[in-house]
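Listed here are the chains, written in short residue letters.
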Amino acid sequence: MNNNHNNSDNSEPIEKIAVKNLYKIFGPEPQQALDLLKKGKNKEEIYEQTGHTVGVQDASMSINQGEIFVVMGLSGSGKSTLVRMFNRLIEPTSGEVIVDGENVMAMNHNQLVNFRRSKTSMVFQSFALMPHLNIIDNVSFGLELSGMSKDKRQERALVALEQVGLESWGNAHPRELSGGMQQRVGLARGLAVDPAIMLMDEAFSALDPLIRTEMQDELLKLQDQHQRTIIFISHDLDEALRIGDRIAIMEGGRVVQVGTPEEILQNPADDYVRAFFRGVDPTGVISAGDIVRDTQPTVIWHTSQGGLRATLEKLNDLDREYAYILDSQRRFCGVVSIDSLRDTLERKTSGAKIEDAFLPEATAVLETDSLQDILPLVASHSWPIPVVNEEKKYRGVVSKNRFLRTLHRAENGDHQQKSTEPGEN
Ligand SMILES: Nc1ncnc2c1ncn2[C@@H]1O[C@H](COP(=O)(O)OP(=O)(O)OP(=O)(O)O)[C@@H](O)[C@H]1O
């Protein structure tokens, strides 16, 4: 799964697109239908009474700078309508779209055209490459509309082709390229604009599974270099989990849930969302950090309390078998047990250090490691496995009980965590 690219320093994400109470009603008199909708009539009733179709209903969300935001839902749930309202390719019936603080709804025609050309690009599932143009001209075609010189256009197109690994195909014609390569050209066309925002509508859906995975990797690689804001429509859960920093799930024109894959999996808003996630192996999605505990185990600070005998006494007092040793920065150093402490004290009467009692196989896992990753460790060790963040700072432990309980719940389709469970270790 993809980790949030722009947010590794835990700073507040910058909002790129803010959508507030957005509605789209298709038909000649949308206002009348909108009033009915706001009075509580549902999509079906409105269609029966007025012949209008509710495309999107009261959608609100924030999309952060540099994230891949996946919009998922069944066919007809409103994904394309929602995303096309971001650049007003579909005119909203009501609501707000703010991009970089600018109100897109207030833009006049020229401002809107300029906004679309300079800030956004769209990549579709089926886009037509022009058969009589070579690849480089196909890629640079969109730039012509913005009045760029031919040299500059060709240069930009070549850079975009390089990004998708097709730099040596510039002079070829579309018929010489495989389907997967043609889709890459489509992506390059979207990249040539060097957009801050890419809207991708089922962009990889027509590809066979292997090439599809390859394109997803390509996109993630590009994202590591450029951190664009990508809104990616998909009906495929595996794809959403693989590339999405966050996912919005739509049903019948409504956005029913927005969250990271972990959040949605652990706390699905309703049965529709749960049904989407059924069949996913939850152990690949729930991470150690999601089920970490820091209340139960005995934590000893290396420098201030680190004596062997003092640690042993503390464990005896607390009736615990293991202690987790941290340095003064709260970085994990090792695990000791009552037995390892006793053995060390017996073997080395003087000058013994706490390190001498470390259990040799006691390693920590990262909070971002999935349950699948940590399963072998949890299964083969009798002590709760320590969990650290990327700076090696101790976050807590995952006990075997907690691990098994999470697994059991997940297998029964209930991924919800109970935040306090007494008596766990
Ligand atoms: N131009 C239109 N005129 C009338 N109704 C429309 C129009 N475009 C979309 N709709 C309706 O709006 C609803 C949402 O459609 P939309 O295409 O946004 O869904 P979607 O989730 O993108 O579907 P798909 O995955 O099949 O592309 C559907 O009920 C659809 O029939």
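Residues numbered from 1 in each chain as written. Predicted model: local features only at pLDDT ≥ 70, side-chain atom pairs only at ≥ 80, totals over all residues.

Regarding its fold elements, the chain presents 17 helices and 16 strands. When the backbone C-alpha atoms are referred to their principal axes, the chain occupies close to 85 × 60 × 40 Å. For the chain, the residues scored as buried account for 40% of the 425 residues in total. In the chain, 67% of the contacts between residues at least 6 apart in sequence involve partners at least 24 apart. (Helix = DSSP H or I, 4+ residues; strand = E, 2+ residues; numbered from the N terminus. Buried ≥ 20, exposed ≤ 12 C-beta atoms within 10 Å, placed from the backbone. Contact = placed C-beta atoms within 7 Å.)

A general tendency of soluble globular proteins is for nonpolar side chains to be buried together. Ala188 and Ile231 are the most contacted members of the largest nonpolar core, which totals 100 residues. Each residue touching Ala188, except ones within four places of it in the same chain, is listed here: Val139, Ala160, Leu161, Gln163, Val164 and Leu166. (Core = buried A, V, L, I, M, F, W, Y, C linked by C-beta atoms within 7 Å.)

It is common to give the size of an interface as the accessible area lost on bringing the parts into contact. Assigned domains within the chain: domain 1 (15-130 + 196-280) and domain 2 (289-411). Put simply, the middle of domain 1 and the middle of domain 2, counted by C-alpha atoms, are 44 Å apart. (Domains from an automatic or database assignment.)

With that out of the way, let us pick up the sheet that holds strand β2 (residues 53-64). The sheet built from four strands is open, its strands ordered β2-β1-β4-β5 with antiparallel pairing. The sheet is open, and its two edges are formed by β2 and β5 (102-103), each paired on a single side. Here strand β1 (residues 15-26) pairs with strand β4 (residues 94-99) via five bridges, running antiparallel. The partner of Ile17 across the bridge, within β4, is Val99. Across the sheet, helix α1 (residues 30-38) is in contact with β1, β2 and β4; its angle to β1 comes to roughly 105°. (Pairing = 2+ DSSP bridges. Axes fitted to C-alpha atoms, helices over the stretch in contact; angles between N-to-C directions.)

Around the ligand, the surrounding shell consists of Phe26, Thr53, Gly55, Gly73, Ser75, Gly76, Ser77, Gly78, Lys79, Ser80, Thr81 and His235. Listing elements by their share of the shell around the ligand, those giving two or more residues are β2 and α3 (79-86). Among the elements that make up the shell around the ligand, the one with the highest residue count is α3 (three residues). (Near = placed C-beta within 6 Å.)

Strand pairing in a sheet relies on backbone hydrogen bonds, with the paired strands running either antiparallel or parallel. As summarised here, the arrangement of the three strands in space is β14-β15-β16, forming an open sheet in which the pairing is mixed. Edge positions in the sheet fall to β14 (365-366) and β16 (394-398), since each of these pairs with one other strand and no more. Pairing geometry for β14 and strand β15 (residues 385-388), over two bridges, is parallel. Bridge pairing in β15 links Leu366 to Val388. Strand contacts of helix α16 (residues 371-380): β14, β15 and β16, with the helix running at about 145° to β15, the strand carrying the most contacts.

Take the packing of helix α6 (residues 150-163) against helix α7 (residues 179-192) next. Look at α6 against α7: their axes get within 8 Å of each other, and the N-to-C directions meet at 130°. With respect to each other, α6 and α7 are oriented oblique. Between α6 and α7 the crossing geometry is right-handed. Residues Arg156, Ala157, Ala160, Leu161 and Gln163 of α6 form the contact with α7, whose participating residues are Ala188, Leu191 and Ala192. Looking at the contact of α6 with α7 residue by residue, the classes come out as six nonpolar, one polar and one charged. (Parallel < 35°, antiparallel > 145°, perpendicular 65-115°, else oblique. Left-handed = near helix turned anticlockwise from the far one by under 90°. Nonpolar A, V, L, I, M, F, W, Y, C, P; charged D, E, K, R; others polar.)

Within the secondary structure layout, His132 lies in the loop between β6 (120-124) and α5 (135-144). Look at His132 and you get exposed, because 8 C-beta atoms sit within 10 Å. Along the sequence, His132 and His173 sit 41 residues apart, while their C-alpha atoms lie 7.2 Å from each other.

What follows concerns the pairing of strand β8 (residues 229-234). Burial analysis of β8 places six of its six residues in the buried class, the great majority of the element. Residues Thr229, Ile231 and Ile233 of β8 are buried on one face, and the alternating residues Ile230, Phe232 and Ser234, pointing to the opposite face, are buried as well. Summarising the sheet, strand β7 (residues 197-201) and β8 pair through five bridges and their orientation is parallel. Bridge pairing in β8 links Asp201 to Ile233.

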